[in-house]
Structure formats: C-alpha cells, structure tokens
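# Inside the fold
Residue-level listing of the chains:
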Amino acid sequence: MGLTAAVAVAVGLPAVLSDYWVYVLTIAFFYAAMAASWNLLAGYTGQFSLGHHTFAMISAYVSTLLMAKAGAGFGIGIAVAIFTAVVLSYALGVVCLKVHGLYLALITWAFAEVVRNYLRMHFSFTGGDRGLDSALLFGTLKPLPYYYLFLGITIFTLGVIAFIMYSRIGYYLRAIRDDAIAARSMGINIVRYKVLAFIIASALGGMAGAFYGHTIGLISPVMGDFNEMAMIIIFVVIGGMRTQIGPVVGAILIRIALELLREQSEIRIIILSALVIVVMRFFNGGLMEVFRRLPRWLHLKSAESVSAYEK
Amino acid sequence: MMSSRFKACAYLVVPLLCLFILLIGPSPATAQPKGKPVKIGVLSPYSPPGDPAAGKRIRWGAELGVKYVNEEMGGVLNGRPVEIVVEDDAGTPADGIAGFRKLVQKDGVVAVLGQYHSSVCLAVNKVSQDLEVPLFSTGASSPAITESKNPYIFSIMSLTPDRAKFWIDFAKAMGLKKLGVVAEDTDYGTGFETAVKNAAKDAGLDVKSIIFPRTITDMTPMLLETKAWTPDLVINLGVGPPAYLMVKQANDIGLFPKTKMLASFDWPIRPEYWDAVGANGVYILYTAYYKPGMLMTKLGDWVIPKYKQLYNEDPTFYALNAYGQVLVIAQALNLAKSDNPKDLQKALVSGKFMDWSGEVKFEEPAGVKWHNVSPPHLILQQTEVKQDFTKSKLVWPPQFGGDGKIVNP
Amino acid sequence: MNSTGPRCEWSQRGPAIYTGGQRTIDFTLFTQFLLSGLIMGMLYCLMSMGINFIYGIMKVINWSMGEFFMIGSFAQYLLLLYVFPAHYWYAGVVLAALIVLGIGILVQYTLIKPMFVGIIEAKMEYATIVTIALSIFLRNLAVAIGGPYIYTPPDYAGPTQVLTLPLSGNRVIALLGAIVVLGIFYFFIKKTWAGKAFQGVAQNRSGIQTAGVDVLKYDMLAFGIGTALAGAAGALLAPIFLVHPMCGLAPTVRGFEIIVIAGLGSIPGILLAGLLLGLSESLGSAFISPSFVDIYGFVLLVIILLFKPYGLFGKPERAV
C-alpha cells in the first residue's frame, strides 16, 4: 500500500522535474536495481560477491559489441547479454561457492579486476579506456523514456526478488545465510541454492547493465571499477541490508545526496564510507531500521523486540 | 508488522519527497537580465576514478581567465561580470553527462570547458549537440571528439595525430631510427601508440610498442624488453605516476639516460617530477607548446607570472588552455552581443580570436581538424637537475630557435 | 617492426626464443624476467603474511591492508624527510611499522572488537563491510589530506646487478628487509611464549581461554602486528612503488592472490605461493606479453582452485 503510493509518485515525478533531475533519478534507479539484486546475494543468502558490477559491465559490453560489430538488434543484444551473465555466473559460482564464503569475496574481487583490465588492454576490440559508443535504446538523448525504463527495471527486479523470497527457495536461502551447516543437516543442497541465487542476482544485474549501456550511449571500463562495487555496498548497507526496500531507498537517497553535494566532491565519499562504518556498528539494519524504530523513539508505539533480522 | 513499517516509511519519505521537489523544482535556463553575471561551466575530474591533479590545474587556469576578463576587459556584454561554475565529472561518462546537464539546465551556463578525459568528453559531446550548448575540450585529445562534426564542439588542443607526426618528424631530423614506445592503457596512451605506429610507417622508421596497465607498479619486464631491442629513442606515454615510475625504473636497469627518452607533454618541469625521480631525471626530452621568451600575446604575458606567484609552479599546458578558452568565450560573447549559447556558437564559428599563444580561428574541414586549433609543438630538454622551465634547452624545431643538439650524459 | 627470422636463432647473447608475433626473447632477457619476477613475488609475501596472521587469529579478512601499507609508505617518507637522514632508512622502517601497529590496534579496538563481545550478530559480513568501508575511507582521506600527488623517499642504495639482472639497490634492500622481517616474525611465533599463545588462539579459541589467555588482548595485538607487517612492507617498498594514496592497491591484489593460492591459514604456503605468483607473472610476461601482467596471477589462481578448492595448503573451515 505504501509501496503503491511510492510508485505512483515516481510515475508522476517527471512532470514537475527538469530534464537534469529526471536524468539523475534514472541513474539512481539503475543503482537501485543493482543494489536490490546484490542484496539478494549478500543480504538474503549471505554470499559476499565483490564482482556484481562486473556482470553489469560485461552485459553492457556484450550487448553493445553485438550490436556494433555483428549488426544485431536490441532484443538479441540484450538477450545474449543476459545469457552471458547467466553462463559466467554459473561458471564462477561452481568454482567458488563450494568453499568458504571468504573465498567467494576474494575470487569475485580478483575476477572483477581481471575483466576490467582485459577490457582496457584489448582496446582494438573493446575501445579500451576511450569507451565504446552504444546505440541509444530510444534513439534520443532525452532522459524521459529511460526514466520509465529504469523505473520499470527496478520494480521488475524487486518483484523477482520478492517472488523468490516468499517462496520455498527464499526460505532455503535464508536458512543458508543463517546457518549453513544446520541447513545442510536438514537436507538442503546448499551449493545448488547458492549457485541459483548467484545466477539470478547476476542475471538481474546484467539486465540492468545492458540497458544502462544503451541509455548513456557510451560504456567504458570505468563501470567495472571497484568504486562502483563499493557504492553498491554502501547503498545496501545504509539502506538496510535485510529488507526488500532498503537497498532501493539507500540507492536513491544517496544518489540524490551525492548530486546535491556536488561541490564537496572529495569529502562526500569520505563521509559516506564513515557513515557505512557507523551504520554497521550501531544501526545494523540501516535506514529501514531507523524507520522501524522511529515510532518507538517518538513514543508513538510501545516497545517491541527489535532484531537485525527481518524474519 | 509490514504495514506499520511502510506507514513509517510513508510518513518520512513522502514529505521528504515533496520538500525535495519544492527545493529543486523546474528551472529552465532563462536569459539573464542586465548586470547579472554570465556563467561559464568548468566540467573536469576532481575525484577518482578521474584525475584530480589535472582538474585542479584546469580550474586554476579558468579562474585566472575570469580574473582577466573582469579586471582587464571590463567584463562582457557591456560590463557584465563573468563567473565560473565548477562541476566534477569524476572521470565517469555518466557523471559527466549529469554534470553537463546541471550546468546547462540548472546554472544556465553559456558554454562548458575543462573536459580532460576522452571517454567522458565523447559522452558529453553528444549531449552538448543535443542541448545546443558549446563544449570546449581542454585536455581530451581523442580524434573522435572533433571527427564527430558536432557544431558545438571546440578544441584548442594538440591532437593525437598532429603530435605523433611531430615526434616522427623530430626523430627523422635527428637521425633516430628505432623508436621504443611504452604506453599506458588509457585512451591517451593507446591512441598515441596507434598514431605513432602509423606515422612511423609512413616515414620508414621502426617502432616497438608495449602497453602497460595504468595501475602497474613494476615496469621492469617491459623496460628490459625494450632495452634488449636497443632503441634510439624511448617515447614515454604515461600520465602521472606511471610516467615517473617509468623514468625511475628505466634508470634502475640502465636504460635511461643512456638511451634518450621523450616525455609526451611537459611533466618534467613539475617539481613533483624531481621529487619522484631525483637527480636521475636529467637529460629527459619533453614536448611543450611554448617557451618563455617566445613571441606571445599580451594575454599569455599577463597570466604566466600571476600563475607562478599563486601556485609556485609554471602553468601547465592544460591550465593555459583553460585560461585561453575563457578568454575566447568572452571575446565571442562580445561578438555575438548575446548570452544565448546558440548565438555564441555562431560567433565562435565566424570570428577570429586572440588566445595566449596566438590567433584562433575555428575551421570546419571534415575529419580531425573540425573546430580544432593546434598550438605549435616544441621539443625541450632538461639539462640540469631541477631545471627551471625558463632555462630548459630548446632542441627542436629550428624555426623556433632549436639548435638540433641533444645533450648526452 | 619486422623480425621474420627463423624460429630459433643464435643472437649475440645466446639462444633466442621466438615467441610469435614480433618478439624475440633471448636467454639473458629470459633470466632477467625470471629473477625480477621471483624477487617481486617475495616482496608481496609480507603483505600476505599480515593478512593471513589476522585471519588465523580472528577469522577476519582485513580488506584495508593495502591502506595500512600506504600509511606505512607515507610514514616512511615523512620520517626520512623530517626526522632521519637518508642512510638511517632502517630506523624509519621500524618506526613506520610501530606507527601502523598503533593505528591498527586503535582500529581493532573500536571496530573489530565489538564482533567478539557479542554486540554484532552477523560476523563475517560485518567484518567484510567495515574493512572495505575503512579502506575507502582511508584512501580518500589520504587524497584529501595529501592531495593526489606522488612522493618519493630517497633511494636506499644505488643500482646493482644480481646475476644477469641490472637492479635497483632498493629492491635488493627490500628483499633482504622482507626476509629479515619474516624471519623475526617466524621466530616470534614459533619460539616465544607470546607466539605460542597466538598459535593457541588460532587453533582453538575457546580452548585457549581455559588456559588463562586473554583472547581479546591477543586479538588486538594480532591485528596490530598484522597491519604492522603491511606497514613494514610499505616502508620497505616505498622507493620502489613510490608513495601516493593509491599505492596500496597493487600490493593488495597480489597479497590476496597469494592468500587464495596458498590457502587461508598456512604460513609456509605463503612463501611458496609468493614465488609461484612471481614466477607466473614473469613467465607470462616473457612468453605472452608484459601488458597482461595482472591477469597471469588470476589465471594461476583459478587453475590451482580447480584442483585444490581450498588452496595449496588450505583446510576446510570448521567452526567451533
């Protein structure tokens, strides 16, 4: 109910905002989709992938290259891009999800760096640092259609995640996050579900990335820079790691704050990272937990037990 | 439980959203009333993954440009002051586009300068054409920028093919036949690597090139390989730390200064070069676009001592470029007699303007020279430790006073 | 560039290896590559040792090790600039390591310790996020304070030659210094009482408490020592990598690659993995291309993980 209100507001916003802010919100929705899909991995399954942004970048490049070099259309380009993300994440998942969670973080991190490096070095094919021109999805630079595109992508991503989490699979994933050994002793095939979550999250990220390429009109290996992954983590943590809406709220609010704080460009990321540390230390549930506790603090509701875990 | 959370959410988020809309609101750029300042946008990298060292200096140059316009020219359009609005593009195309939109649609600037990274400039180039606001490339050297034939792009830059050909002419004149190219994997490095290879092929010279990732720490393998090939000249296509690292590590393995090395722009005059490399940095050759004592306009003569006094270093080419572009914009504004960006564009294309080093006229041939004015190129050499730019030896070309002799250790 | 010579030829220096395309590597160059790679591999081991030690004691991977390396480098640079004359560089290394030790202990006390006194619920996630955020914070703080400039401490020694490899004296010094530090560390862990206490905490955290060891104090010390190792590495490598806010990134990559190859929790494995990494980078540079030097380590990592998912000497985790 509150959600429908928010969506209605989002649909109507472009009418009152300038092109500049519509563009800012479009990019914010992209990050919201990335944050939500990463949350599926990290917040709900307890898998720390540090290569989520890489799948977005790979998909963007696959789609753009297919269209530029092989003359494919948007449909094929984006479909193949998502398929590539699925295949790669399956391969990567099988290699590193069998073992300790820390290995996943290390390996995805190394994977991200290597892919980014390769895209830069093989510049004759990928354009390297100069970037690659990408066909515009709606043939125009006006941000309005892309705004609705990414609003739709974000809602779709949230929908897929909600569908999973309210199903039996979601139950298994949360069990794996909370206590993998206990889950296995109850007969859940941990590796299969971990890989499944990894694939779905990467496919969602890849979808967002492919469309992103066709929105900006130019993709470059900067998309795979570790800064991007750090921002996704920041959005999710500050927004609220174990909630559905938290990552989206975190992404949108922080992107807007970053825009407003353009003047202090050096300091904003210092403040943000410090904020992440403070949030993790004291407000483990992020902004959503603040919202939840607010009625109690304002003495609107009586005390209830509060835990870092949503369900 | 869920609905109560959404209720709390709604209580907070919806009013916040309304406040936000009120604050930001629709703000189309409107013509400024008389006496109001004319704004020029500066869109450069000030935070990673962009290069903040470059953005800083571009900003310094632009600020001095504004000072000149307001103090010496008496402002523009009958006494209106000029001011700059600075935005950070963080070396990322998406942020560059956002910054450009903000400058144009929120701040109402008449033109944007300061672009340094080619990938960002290429992305912003498209938006400038869409929004019809002039965009100046201050340091982005990819030929694709001007090849786009965007009526709103203007470049006062030494472009990659021009500079590469200049280097090949220099090598040929000095009898250097084997050129080792060591380039970073940015658009700058790879663009030059390709251009040098092409120009060398036409001139019949040999090139061996190696590309390295910009984040590299150990360049020894590639320098060893270059050394084994016994080149006559090594072209250093690094920017910032990799450039200094290359000199240092080449010195460690005995490649430099025994073999001559050429820097692709004027970083050997910076104090941080000597801090990084120490006394081993002598004898390096470098590319510059002016030499103190060269015939320069009064615009150039005005800014150089002021810059040195404020920032304790000689102005870099990009800083001078930013300064010059502010002045060109100011002159064009006066020619256009209007602060509408479309009129400004017409004036820019039709007029002749004075820059810090000479006259500027934007032509419209197809290809790389579209709206591009290139400064002259010089090769200088640092013959002593911590040598001041004014004392550097001018080696080439002869028409500017170069004596054609390279000092060897 | 055209070298269309025969597949194998005698150059002036010995047999040549034609590596396809336009490159000919002769024997001398090959040995130079090899030595250079081995030396660099050893230098990265110091970082890995620090990461591994902290992990062994607290089961936490500190993602900000690169930033402690950077702090060590900056400390060394400032010390040699203002405090010590250049030939007392070793004093600078020691002092830089101690400074980093202090900062490490502070960080551990405020941020990591709450994990172990029951305040934080999800431990690994907390540690990962906090240390990643800390690394971003420290890196950007360094840029804000010192500016995006690059600094160099004075050279430790002049250029020398190791076998066929002309080498900067700095690398030889750094190599010897790394061996000394690793030796001291090894002695400390194996032979002193405190070292044995650390081993005990690593092996059985609850068990060692029954022996009267205050694990929280050892946690603090372990974190401090681990970061001090990274700081010492930073101080030793300062004239080689140059000192700037991003200088911790490359050693971090190599450090983590070594950890994964060796397997978490294995000290001798790290030395072997370091040498392997150095070897693979130099062989890759020689036979394929020096441009892709960052990729060879990762390829080695994947190959080893395919056969030994826990690394060469790693063991599956068992939580008590």
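Before any of the text, the structure's been laid out above.
### Topic: the overall build of chain B
Across its full length, chain B holds 13 helices and 14 strands. Its C-alpha radius of gyration of 23 Å places chain B within 12% of the 22 Å reference for a compact globule of 409 residues. Projected onto its principal axes, the C-alpha coordinates of chain B cover approximately 70 × 65 × 40 Å. Counting only residues that meet the buried cut, chain B has 65% of its 409 residues in that class. Here the contacts in chain B between residues at least 6 apart in sequence split such that 70% fall between residues at least 24 apart. Accessible surface, chain B as shown: approximately 13900 Å² in total, 55% of it carbon and sulfur. Side chains of chain B give 43 positive and 40 negative charges; the mean places of these two sets differ by 1 Å.

### A short note on helix α6 (residues 160-174) of chain B
Residue and element names in this part refer to chain B. The terminal C-alpha atoms of α6 lie 21 Å apart, and with 15 residues this matches the ideal 21 Å at 1.5 Å per residue to within 8%. Considered for burial, the residues of α6 that qualify are Thr160, Arg163, Ala164, Phe166, Trp167, Ile168, Phe170 and Ala171. Positioned one or two residues after α6, Gly175 has a phi angle of 75 degrees, which is positive.

### Observations concerning the sheet that holds strand β3 (residues 112-115) of chain B
All names here are of chain B. Pairing in this open sheet of 5 strands is parallel, and the strands run β2-β1-β3-β4-β5 from one edge to the other. Each of the sheet's edge strands pairs with one partner strand only, and the pair in question is β2 (82-88) and β5 (153-155). On average, each strand axis in the sheet is inclined to that of its neighbour by 25 degrees, with strand direction left out of account. Sheet topology note: the strand β1 (residues 38-44)/β2 ladder contains 7 bridges and is parallel. In the sheet register, Lys39 faces β2, and the bridge partner there is Glu83. Most of the contacts of helix α2 (residues 52-71) go to β2, to which it runs at about 170 degrees, and overall it touches β1, β2 and β3. The sheet strands contacting helix α3 (residues 93-106) are β1, β2, β3 and β4 (135-137), and the helix crosses β1 at an angle near 175 degrees.

### A short note on the side chain of Lys208 of chain B
Relative to the elements of secondary structure, Lys208 of chain B occurs in strand β7 (residues 206-212). Overall, Lys208 of chain B belongs to the buried group, its relative accessible area being 11%.

### Comments concerning the pattern of salt bridges
A complete count under the given rule lists 22 salt bridges over all chains for this structure. The shortest N-O distance in the salt bridge between Arg255 of chain A and Asp95 of chain B comes to 3.6 Å. You can see Arg255 of chain A sitting in helix α12 (residues 246-260) and its partner Asp95 of chain B sitting in helix α3, one on each of two chains. With respect to class, Arg255 of chain A is no different from Asp95 of chain B; both count as buried. One connected set of salt bridges, linked through shared partners, spans Glu113, Arg116 and Asp225 of chain A.

### Side note on the interface of chain C and chain B
Counting from both sides, the interface comprises 35 residues of chain C and, opposite them, 35 residues of chain B. Roughly 2800 Å² is buried in total at the junction of chain C and chain B, and carbon and sulfur atoms are behind 59% of that figure. Seen at the junction of chain C and chain B, the total is 1 salt bridge. For the side of chain C that touches chain B, the secondary structure elements donating two or more residues are α1 (27-58), β5 (165-167), α5 (169-191), α8 (215-241) and α11 (293-307) of chain C. It is α1 of chain C that provides the largest number of residues to the side of chain C that touches chain B, a total of 6 residues. Split into classes, the residues belonging to the side of chain C that touches chain B amount to 21 nonpolar, 9 polar and 5 charged.

### Overview of the environment of Tyr109 of chain C
Residues and elements named next belong to chain C. Within the fold, Tyr109 resides in helix α3 (residues 89-116). When its relative accessible area of 46% is taken as the criterion, Tyr109 is described as partly exposed. Sequence separation between Tyr109 and Ile51 is 58 residues, and the spatial gap between their C-alpha atoms is 17 Å. With residues up to four places along the chain from it excluded, the contact list for Tyr109 reads Pro114 and Met220.

### So, the packing of helix α2 (residues 19-44) of chain A against α3 of chain B
Contact pair α2 of chain A / α3 of chain B: the axes reach a minimum separation of 8 Å and the direction vectors enclose 160 degrees. The orientation of α2 of chain A with respect to α3 of chain B, classified from their angle, is roughly antiparallel. At the point where α2 of chain A passes α3 of chain B, the crossing takes the left-handed sense. For the pair α2 of chain A and α3 of chain B, the contacting residues are Asp19, Tyr20 and Tyr23 of chain A in the first and Ala94, Ile97, Ala98, Arg101, Lys102, Gln105 and Lys106 of chain B in the second. Across the contact of α2 of chain A with α3 of chain B, the residue classes break down as 5 nonpolar, 1 polar and 4 charged.

### As for the environment of Trp109 of chain A
Within the element layout of this structure, Trp109 of chain A appears in helix α5 (residues 101-121). Note on Trp109 of chain A: relative accessible area 9%, which makes it buried. A C-alpha to C-alpha distance of 5.0 Å links Trp109 of chain A and Leu50 of chain A, two positions 59 residues apart in sequence. Each residue touching Trp109 of chain A, except ones within four places of it in the same chain, is listed here: Leu50 and Phe226 of chain A together with Trp63, Thr252, Val253 and Phe256 of chain C.

Reading the values: the criteria
Residues numbered from 1 in each chain as written. Chains lettered and ligands numbered in written order. Predicted model: local features only at pLDDT ≥ 70, side-chain atom pairs only at ≥ 80, totals over all residues. Heavy atoms only, no water. Helix = DSSP H or I, 4+ residues; strand = E, 2+ residues; numbered from the N terminus. Rg over C-alpha atoms; globule rule 2.2 N^0.38 Å. Buried < 20%, exposed > 50% of the residue type's maximum accessible area, 1.4 Å probe, protein only. Contact = heavy atoms within 4.5 Å. Areas by Shrake-Rupley, 256 points an atom, 1.4 Å probe, with all protein chains shown as cover. Lys, Arg positive; Asp, Glu negative; His and termini not counted. Charge placed at Lys NZ, Arg CZ, Asp CG, Glu CD. Expected span 1.5 Å × (residues − 1). Pairing = 2+ DSSP bridges. Axes fitted to C-alpha atoms, helices over the stretch in contact; angles between N-to-C directions. Salt bridge = Lys/Arg side-chain N within 4 Å of Asp/Glu carboxyl O. Buried area = accessible area lost by both parts, 1.4 Å probe. Nonpolar A, V, L, I, M, F, W, Y, C, P; charged D, E, K, R; others polar. Parallel < 35°, antiparallel > 145°, perpendicular 65-115°, else oblique. Left-handed = near helix turned anticlockwise from the far one by under 90°.

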